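One-letter residues, chain by chain:
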Amino acid sequence: MSSIVSVSNLTKVFSTKDGDFEALKGIDLDVEEGDIYGIIGMSGAGKSTLVRCFNFLERPTGGHVVVEGRDLAELSDKELREQRSRIGMIFQNFNLLMQKNVMDNVCFPLTTRGVKKSEARKRAKELLKTVGLEDKAKSYPAQLSGGQKQRVAIARALATNPRILLCDEATSALDPQTTASILELLKRINKEMGITIIVITHQMSVVREICNRVAIIESGRLVENGTVERVFTHPKSRAARKLIIGGVEELDSPDANRIIEELHEEKKIRIVFSENSSYEPVISNMIMTIGSPVNILRADTKSVNGTAKGEMILGLPSSVEAQDRIIDYLKEHNLEVEEVTGDVE
Amino acid sequence: MWSSTVIEMIEKGILESLYMTLFSTLFAYVIGLPWGVALVVFNQNGLKPNKVAYRVLDALANIMRSIPFLILLILLIPVTIFVVGTSIGTTATIVPLTVAAAPMIARMVESSIQEVDSGVIEAAQSMGASNWQIILHVLLVEARVSLIAGATISIGTILGYSAMAGIVGGGGLGDIAIRYGYYRYQKDIMIVTVVLLVLLVQLFQFVGNVTAVKLDKRRR
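Residues numbered from 1 in each chain as written. Chains lettered and ligands numbered in written order. Predicted model: local features only at pLDDT ≥ 70, side-chain atom pairs only at ≥ 80, totals over all residues. Heavy atoms only, no water.

1. With respect to the overall build of chain A
Across its full length, chain A carries 13 helices and 14 strands. For chain A, the computed accessible surface area is about 15,300 Å², with 46% contributed by carbon and sulfur atoms. (Helix = DSSP H or I, 4+ residues; strand = E, 2+ residues; numbered from the N terminus. Areas by Shrake-Rupley, 256 points an atom, 1.4 Å probe, with all protein chains shown as cover.)

As structure tokens, this is what we get:
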């Protein structure tokens, strides 16, 4: 497997009236062919700027972006446009041409590349079938729902047979059900057409649902990356723990805040169940064996790449000896255990 | 009073007014449309930022728009003679009308095109479209409803200017209104011509509105 997108020491500085603003501070990142690569971070972290550097919609101030073996900075305008047509992109607000119907929207990238109208229409029909909108060819975007608009945008992005699809917060404006169906479609596109997908999002659930690799961006820096499974089970950075334990959406609710406040008060551990251990009553066995109560502060099951992962945060008794015994017991039973420090907020 | 000669004169006046207005609008768009597009494209947030070109076009539009039409009419007499061969008459009036309308149209076009969602432009760029393709297939198409609304306003304004041209013997309904109403105190003829001018503006506005609504695909 080779890197299809390779970014090294990427920096981007915006000059504003109030001085320079460093949006990206030296990012290194490799996306392998066939990946669904998640780039996650809070709003303002720089992830949208980063993804725009992948097709030079935003020209980086420093560093290199190599796509399919070509350094984008070395391409002429014409070569760059040609390269861009091999990188599809979809957006949060869909960005469809409002005055053109669905068919003409999907044909647009083809006709601008000089493809004959009849051929473009044929290809567009196939694509509309792929995204399940063959009956909407003559509708205008204003007549479609958000999910349908994003499907049209996906069809349009795939028209030129790109090898890479960039998704900039593609599901952020959609309801959970529609989000799920769009993610399903992206997964299918990745599997069936072998298109590498790069997903920019602030929703951990999106990454969990479809990505195999993830990079976490905070204040213009890449703070952690790796397989989704690894980052999910053993988050190293503060930003990763925040995203995983809270989940940004959930963090906003007062309930979650209260729980996290409680978490600050006592010694607590986070355990992750793999598939097998979910069937065993580990916690109750542990309590009976050790004879000391634990406080279950939070428990959840999440699907990571199709495998069920249980996650639990336990508040431990204050006795250090009991704490050690509990941790040893859990480790013996092949659970992943780590101490949760106060900085989850 | 309402002899056949007067009616014939008014009929001729309507045709002359239409002739001046439509041709001036046409020529003014030939200049003003690319001018307005250039203002957007060369803007610092535009497709191809160019400070010098933007400043020149911007200043020119401001200067030309601030010259009163009557003054422009007189200032341009040598130009008009060069282009048309005479400075008097309906055809000669088209020159100052075009020059007066072009910068106004450039500003209208500029503001219409600026309304186009920057996300759509970004999407077109991400698909590998060139700047020319974006101008022709994205900017002008997405802004067309606003452009037509602007054209409707322009045509009404140009019709109003053309009436002023009557002062220098330009012909048309305005000319009749000034000659009969002002110089000969025949108020009834003046009123008729003014009513006809109002009706013409109404007609243009109506046609413009219907076209704009028909072309707008943004509504369900």
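What follows continues from the structure just given.
2. Quick look at the pattern of salt bridges
Counted according to the given criterion, the structure contains 18 salt bridges over all chains. Glu110(B) is the partner of Arg107(B) in a salt bridge, and the nearest nitrogen-oxygen pair spans 2.9 Å. Highlighted residues: Arg107(B) and Glu110(B), both in helix α5 (residues 90-114), separated by three residues, approximately one helical turn. Just as Arg107(B) is buried, Glu110(B) falls in that class too. Connected via shared salt-bridge partners are Glu68(A), Arg70(A), Glu82(A) and Arg86(A). (Salt bridge = Lys/Arg side-chain N within 4 Å of Asp/Glu carboxyl O. Buried < 20%, exposed > 50% of the residue type's maximum accessible area, 1.4 Å probe, protein only.)

3. Side note on the environment of Ser126(B)
Relative to the elements of secondary structure, Ser126(B) occurs in helix α6 (residues 118-126). In this structure the C-alpha to C-alpha distance between Ser126(B) and Gln114(B), which are 12 residues apart in sequence, comes to 20 Å. Leaving out residues up to four positions away in the same chain, Ser126(B) has contacts with Asn55(A), Leu57(A), Arg84(A), Ile87(A), Met89(A) and Phe91(A). (Contact = heavy atoms within 4.5 Å.)

4. What to know about the packing of aromatic side chains
All names here are of chain B. Per the stated rule, a full pass over the model turns up three aromatic pairs over all chains. Pairing Phe 23 with Phe 27 gives two aromatic rings, centres 6.1 Å apart and planes at 40°, and the pair type is tilted. A residue pair is termed a helical-turn pair when its members lie 3 or 4 positions apart in one helix, as Phe 23 and Phe 27 do in helix α1 (residues 4-42) at four residues. Note on Phe 23: relative accessible area 37%, which makes it partly exposed. With a relative accessible area of 38%, Phe 27 lands in the partly exposed category. A ring pair is formed by Phe 69 and Tyr 161, whose centres lie 4.7 Å apart and whose planes are at 5°; its orientation type is stacked. Placement of the pair is Phe 69 in helix α3 (residues 69-75) and Tyr 161 in helix α8 (residues 144-164), with a sequence separation of 92 residues. Phe 69 sits in the buried class, given a relative accessible area of 6%. Looking at Tyr 161, the relative accessible area reads 24%, which means it is partly exposed. (Phe/Tyr/Trp six-rings, centres within 6.5 Å; stacked < 30°, edge-to-face > 60°.)

5. A closer look at the sheet that holds strand β6 (residues 87-91) of chain A
Residues and elements named next belong to chain A. Pairing is mixed across the open sheet formed by six strands, whose spatial order is β6-β7-β8-β3-β9-β10. Edge positions in the sheet fall to β6 and β10 (221-227), since each of these pairs with one other strand and no more. Across the sheet, the axes of successive neighbouring strands diverge by a mean angle of 15°, strand direction being ignored. With six bridges connecting them, strand β9 (residues 213-218) and β10 associate as antiparallel partners. Within the sheet, the bridge partner assigned to Ile 216 lies in β10 and is Glu 224. (Pairing = 2+ DSSP bridges. Axes fitted to C-alpha atoms, helices over the stretch in contact; angles between N-to-C directions.)

6. Topic: the interface of chain A and chain B
Every contact between the two is made by 24 residues of chain A and, on the other side, 25 residues of chain B. Surface buried jointly by chain A and chain B totals about 2,100 Å² across both partners, of which 56% is contributed by carbon and sulfur atoms. Connecting chain A to chain B are one salt bridge. Residue Arg52(A) pairs with Glu122(B) through a salt bridge whose shortest N-O separation is 2.5 Å. Inspection of the chain A/chain B interface yields nine residue pairs in polar contact (both at pLDDT 80 or more). Elements with a minimum of two residues in the side of chain A that touches chain B: α2 (77-84), β6 and α3 (102-112) of chain A. In terms of residue class, the side of chain A that touches chain B is made up of 12 nonpolar, six polar and six charged. (Buried area = accessible area lost by both parts, 1.4 Å probe. Polar contact = N/O pair within 3.5 Å; in protein donor to acceptor, adjacent residues only side chain to side chain. Nonpolar A, V, L, I, M, F, W, Y, C, P; charged D, E, K, R; others polar.)

7. Focus: the packing of helix α2 (residues 51-66) of chain B against α5(B)
Residues and elements named next belong to chain B. The geometry of α2 relative to α5 is characterised by a closest axis approach of 9 Å and an angle of 125° between their N-to-C directions. Viewed along their axes, α2 and α5 adopt a mutual orientation that is oblique. Of the two possible hands of crossing, α2 and α5 adopt the one that is left-handed. Where α2 approaches α5, its residues Tyr 54, Asp 58, Ala 61, Asn 62, Met 64 and Arg 65 are matched on the opposing element by Val 99, Pro 103, Met 104, Arg 107 and Glu 110. Tallied by class, residues from the contact of α2 with α5 come to six nonpolar, one polar and four charged. (Parallel < 35°, antiparallel > 145°, perpendicular 65-115°, else oblique. Left-handed = near helix turned anticlockwise from the far one by under 90°.)

8. Side note on the sheet that holds strand β13 (residues 307-315) of chain A
Residues and elements named next belong to chain A. If you walk across this open sheet you meet the four strands as β12-β13-β11-β14, and the pairing is antiparallel. Single-partner strands in this sheet number two, and they are β12 (295-304) and β14 (336-340). Strand-to-strand twist across the sheet, computed as the mean angle between neighbouring axes with direction ignored, equals 20°. Running at roughly 10° to strand β11 (residues 268-273), helix α13 (residues 320-332) makes contact with β11, β13 and β14 of the sheet.

9. Some details on the nonpolar core
Among the nonpolar cores identified, the biggest contains 66 residues, and Val5(A), Leu29(A), Ile39(A), Leu50(A), Phe54(A) and Ile198(A) are the most heavily contacted of them. The element contributing the most residues to this core is α5(B), with eight residues. If we ignore the near neighbours within four places in the chain, the residues touching Ile198(A) are Val5(A), Val31(A), Tyr37(A), Ile39(A), Phe54(A), Ile164(A), Leu165(A), Leu166(A) and Cys167(A). Of all hydrophobic cores here, the second largest spans 52 residues; its members include Ile40(A), Ala153(A), Val207(A) and Cys211(A). (Core = buried A, V, L, I, M, F, W, Y, C linked by side-chain atoms within 4.5 Å.)

10. Considerations on the pairing of strand β7 (residues 164-168) of chain A
Residue and element names in this part refer to chain A. Where burial is concerned, most of β7 is hidden: five out of the five residues are buried. Of the two faces of β7, both are covered, the one formed by Ile 164, Leu 166 and Asp 168 as well as the one formed by Leu 165 and Cys 167. As defined by bridge partners, β6 adjoins β7 across five bridges and the pair is classed as parallel. In the strand pairing of β7, Ile 90 is matched with Cys 167. Looking at chain direction, β7 and strand β8 (residues 196-201) are connected through five bridges and run parallel. For Cys 167, the partnering residue across the bridge sits in β8 and is Val 199. Taking the sense of rotation as the criterion, the β-α-β connection linking β7, helix α6 (residues 176-193) and β8 turns out right-handed. (Right-handed = clockwise from strand over helix to strand, strands pointing away.)

11. Let's talk about α3(A)
For α3(A), the buried fraction is high: nine of the 11 residues fall into the buried class. Among the residues of α3(A), those classed as buried are Val102(A), Met103(A), Asn105(A), Val106(A), Cys107(A), Phe108(A), Pro109(A), Leu110(A) and Thr112(A). In this structure, the buried side of α3(A) is in contact with α4 (117-130) and α5 (146-158) of chain A together with α6 and α7 (131-142) of chain B. In this structure Asn101(A) caps α3(A), since a side-chain oxygen of it lies 3.3 Å from the backbone nitrogen of Met103(A). Immediately downstream of α3(A), the backbone of Gly114(A) shows phi near 90°, a positive value.

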